Amino acid sequence: MGVAAILKDKAPGVVSVRPDDGIETVCQKLADKGIGAVMVLRPDGGIAGILSERDIVRGLAMIGTDLLQQSADTIMTRNVMVCSSQDTIEDVMHLMTKRRIRHLPVVDNGKLTGMISIGDVVKRRIADTQMEAEALRQYIATG
């Protein structure tokens, strides 16, 4: 099981903003949707960056409350790490741990197809482990 299985269990679509959307608007969207990051997409749908709660906190520490009047592209992360739906849970766990990131956009054939969080990955890993344990129990019981 991998990223494709995670995406199958999630609602379709990716929450996004435009580079010129204000940080205050981004904060409201994060709060309304109960999420920790949004994709920043160019008008053509291409990825301009990603903007997380962590980026906003760092921006507030550097700029202060004037940050709320700035645009998303002021503090977004531009060098976006991505994965594909073909990646394994182990692949994305390694990448997220090594790079200390909590959200990964999923890109297939050059197109943004979803976004996964570290919570999604852990939930999937636990489910896989439980299925493996149950399969072993049944194997032992019938052996």
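Please refer to the structure higher up on the page.
Here's what I pulled together on the structure shown here. (Residues numbered from 1 in each chain as written. Predicted model: local features only at pLDDT ≥ 70, side-chain atom pairs only at ≥ 80, totals over all residues. Heavy atoms only, no water.)

Listed in full, the buried residues belonging to helix 2 (residues 23–33) are Ile23, Val26 and Leu30. Taken down its axis, helix 2 places every buried residue within 55 degrees of arc, on the same side. Facing away from the buried side of helix 2 by over 90 degrees, the exposed positions are Ala31 and Asp32. Where helix 2 is buried, its residues touch strand 1 (16–17), strand 2 (37–41), strand 3 (47–52), helix 3 (53–63) and helix 4 (72–75). After helix 2 finishes, the residue Gly34 shows a positive phi value of roughly 65 degrees. (Buried < 20%, exposed > 50% of the residue type's maximum accessible area, 1.4 Å probe, protein only. Helix = DSSP H or I, 4+ residues; strand = E, 2+ residues; numbered from the N terminus. Arc of directions from axis to C-beta. Contact = heavy atoms within 4.5 Å.)

Turning next to the pattern of salt bridges. What the rule picks out here adds up to seven salt bridges. With its nearest N and O atoms 2.7 Å apart, the salt bridge here joins Asp120 to Lys10. Highlighted residues: Asp120 in helix 6 (residues 118–142) and Lys10 in the loop between helix 1 (3–9) and strand 1, separated in sequence by 110 residues. Of the residues examined, Asp120 reaches a relative accessible area of 18% and is grouped as buried. Look at Lys10 and you get partly exposed, because its relative accessible area is 30%. When the shortest N-O distance is used, the salt bridge between Glu134 and Arg137 registers 3.3 Å. With Glu134 and Arg137 both in helix 6 and three residues apart, this pair spans about one turn of that helix. Among the charged side chains, a network of salt bridges with common partners joins Asp9, Arg124 and Asp128. (Salt bridge = Lys/Arg side-chain N within 4 Å of Asp/Glu carboxyl O.)

On to the nonpolar core. Judged by nonpolar contacts, the single largest core of 13 residues is most densely connected at Val26, Val40, Leu51 and Ile56. For this core, the secondary-structure elements that each account for two or more residues are helix 2, strand 2, strand 3 and helix 4. Counting residues per element, this core draws most heavily on helix 2, at three residues. If sequence neighbours within four positions are ignored, Ile56 has contacts with Ile23, Val26, Cys27, Leu30, Leu51, Leu67 and Ile75. Counting 12 residues, the second-largest nonpolar core is a separate cluster that includes Val92, Leu95, Leu104 and Ile116. (Core = buried A, V, L, I, M, F, W, Y, C linked by side-chain atoms within 4.5 Å.)

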